[in-house]
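Here is how the chains run, residue by residue.
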Amino acid sequence: MMLNARFAVRTIVVMAALAVWSMPVVVAAPQDSDVRGNHSATPAHSKLSDDVRNGAPRLNQRPGSFVADPDGEAQDMIVQYAAGVGEQDMANASSAGAEVRQVMRFGGMAHLRMSRRQALQLAEDPNVLYITPDREVRATGKLDYSMATVGATTAQSYGFDGSGIGVAIIDSGVGVEQLDLFNATCTASRIVYNKDFVTWEPSSWDPFGHGTHVAGIVGGNGICAAKIQSPSYKGKPGVAPAVNIIALRALDSKGIGTDSSVIAAINHAISIKSTYNIRVINLSLGRVVVDTYKKDPLCQAVERAWKAGIVVVVAAGNNGRDNSMQTGGYSTITSPGNDPFVITVGAMNDVQTASKSDDQMTSFSSKGPTLLDQVVKPDLVAPGNRVISVKPNSGYFQVHYPGNTIAGDWANGVPYESYFFLSGTSMAAPVVSGAAALLLDKDPTLTPDQVKARLMKTASKSFPTVSTWMDSSSGILYSMRPDAFTVGAGYLDIWAALNSTEKISTTQTAKSPKAVITNGTVKFTYDTSDTSGLGVVWGSGVVWGTGVVWGTAVSSTGVVWGTGVVWGTGTVTGTGVVWGTGVVWGTANPFSESTSVSGDK
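Residues numbered from 1 in each chain as written. Predicted model: local features only at pLDDT ≥ 70, side-chain atom pairs only at ≥ 80, totals over all residues. Heavy atoms only, no water.

Draft legend 1. Structural context of the pairing of strand β18 (residues 477-480). Side chains of β18 alternate between two faces, with Y478 and M480 buried and L477 and S479 left unburied. Strand direction decides the pairing type here: strand β17 (residues 467-470) and β18, joined by 4 bridges, are antiparallel. Considered in β18, the bridge of W469 is made with Y478. The turn linking β17 back onto β18 is made up of 6 residues, and G475 within it adopts a positive phi angle of 80°. (Buried < 20%, exposed > 50% of the residue type's maximum accessible area, 1.4 Å probe, protein only. Helix = DSSP H or I, 4+ residues; strand = E, 2+ residues; numbered from the N terminus. Pairing = 2+ DSSP bridges.)

Next comes the structure, spelled out in structure tokens:
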């Protein structure tokens, strides 16, 4: 059934071009041996993550820094406290020789600078829960049909534009000069708040350019950049062209941040939630999974936001081509996308048509299950290949990739040099963030779990049996099959989600399930801990294996995973590549990390 129009129908013209660069990218780090069970540890030692305790060669105290002597040389660390952070805790830290960088009382954490020896002494404090390094985090004239493919243009034509919804972009900043981030009359910016959490270089709006592009995908209006050149020109709108943008800079001019900078931005978004009606946080960034999500400070931060009533959308990562663990790119989801509460998004290639029928899974999109916890990720997929959005006026991308700028087309009314194209799950995540804003525009009472459940339930389940892509530089042929660890619950369909009336109970959680392998059979099960007393939505005991189709109920009707895709022994995921080696189940080192990935052309 169609939605009633709330506003006059608008003509939405969508334009685009090609893309070559993809984010987010992350830095490799070792696994937690306590979680893997490699050796026993004293109670104090068990409070130190493996890359603190074992002296990993790269313990970042600032982006690009190294620690030669982790026993005695100071480095930046994140300390999580069991019962909050008090004055006595900071006194104990000082007594251990630690320098206090920042106290994050809201999250029960502290950012301290200390040596590994001092960290071990501090770990004797009974209120200290877990200590990790302050790890490095990074940003992940033809027509572009991304918005039409997922139903955004249809939604906008019926008046759903995200008006009044605040979306926090935690990234490299957002350029305040971007005209498409102004209101519909082009008289005032919709960037209603701006704060910088990068402490190691001068403050800036967006010297990297990544955050501005992401913000445009969420909420560019496609009006003002074109209008200033000619009344007849047509721009490129984002998904929710009337949202308010809260720009929280946590990545520097090279697209690099730290756990502490991202956590500080998340905590701040929670603290100003009511003031700016922040209902969505977009995190197009990530790093390698090092700890179980229950100990990872990044994951704990996103869970706080989720439980505060904010939908958190995270890029899955761009490591689907990584075969360093001999898994064909499986188990390469990055943190905090490994957290079961948040919405983790993989990238599709819309092949520049408005129809989903010819779309393919990208080769670079990271796949699940997650390392250590085996959480079923991503949750769904959205367009992330050659996505066009607003062009930052200056910055890293403009210097290094001038060819990504859209030249414009006078004959077809396309404005000149106002837009830029990029590829990656960094671009797919803001498509879903915009979709969440549209759902909240229609029904502001929806909880984060209700938004997640509806987006997953209504996602399209129709995929080609196999998608392939040839890397012309290496000659490698990549094959992608639509199992749940590749496409999640399906392909984002905004119009279907807006037309859905299903709503899970507020006593239920849409926490992503865990994959368990027993005697060669894969089942979905659920970690019932840490659900805030809520019941799980997806059920339990779903069996995959030799020819069993997807099929588990989200409620009394319908399915989450669909009924048309079979995961059997004839596919890559059934041949032992994933299940037979034990790698996916947590017995190997983490995957190596690429610094960038080209879009699938």
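Draft legend 2. Main features of the packing of aromatic side chains. Tallying each qualifying case throughout the model produces 5 aromatic pairs. Taken together, a centroid distance of 5.2 Å and an interplanar angle of 40° make the contact between F208 and Y396 tilted. Residue F208 is located in the loop between β7 (191-196) and α7 (210-219), and its partner Y396 is located in helix α12 (residues 396-400); the two are separated by 188 residues in the primary sequence. On the basis of relative accessible area, F208 is assigned to the buried category, the value being 1%. Plain terms: the ring middles of Y233 and Y416 are 6.4 Å apart, the flat faces sit at 50° to each other, and that makes the pair tilted. Taken as a pair, Y233 in the loop between α8 (224-227) and β8 (244-249) and Y416 in the loop between α12 and β16 (419-422) lie far apart in primary sequence, 183 residues in all. Directly above the ring of F341 sits K307, whose terminal nitrogen or CZ lies 5.0 Å from the centroid. The ring of Y478 carries the charged tip of R321 above its face, separated from the ring centre by 5.9 Å. (Phe/Tyr/Trp six-rings, centres within 6.5 Å; stacked < 30°, edge-to-face > 60°. Lys NZ or Arg CZ within 6 Å of the ring centre and 35° of its normal.)

Draft legend 3. Region of interest: the pattern of salt bridges. On inspection of all chains with the given rule, the structure shows 15 salt bridges. The salt bridge involving K307 is made with E303; its shortest N-O contact spans 3.6 Å. Taken as a pair, K307 and E303 lie in helix α11 (residues 297-307) at a separation of 4 residues, close to a single helical turn. Using a relative accessible area of 2% as the deciding quantity, one classes E303 as buried. Through salt bridges with shared partners, a single network forms among D51, R135 and D291. (Salt bridge = Lys/Arg side-chain N within 4 Å of Asp/Glu carboxyl O.)

So, to be careful, I would describe these as geometric facts and stop short of saying anything about function.
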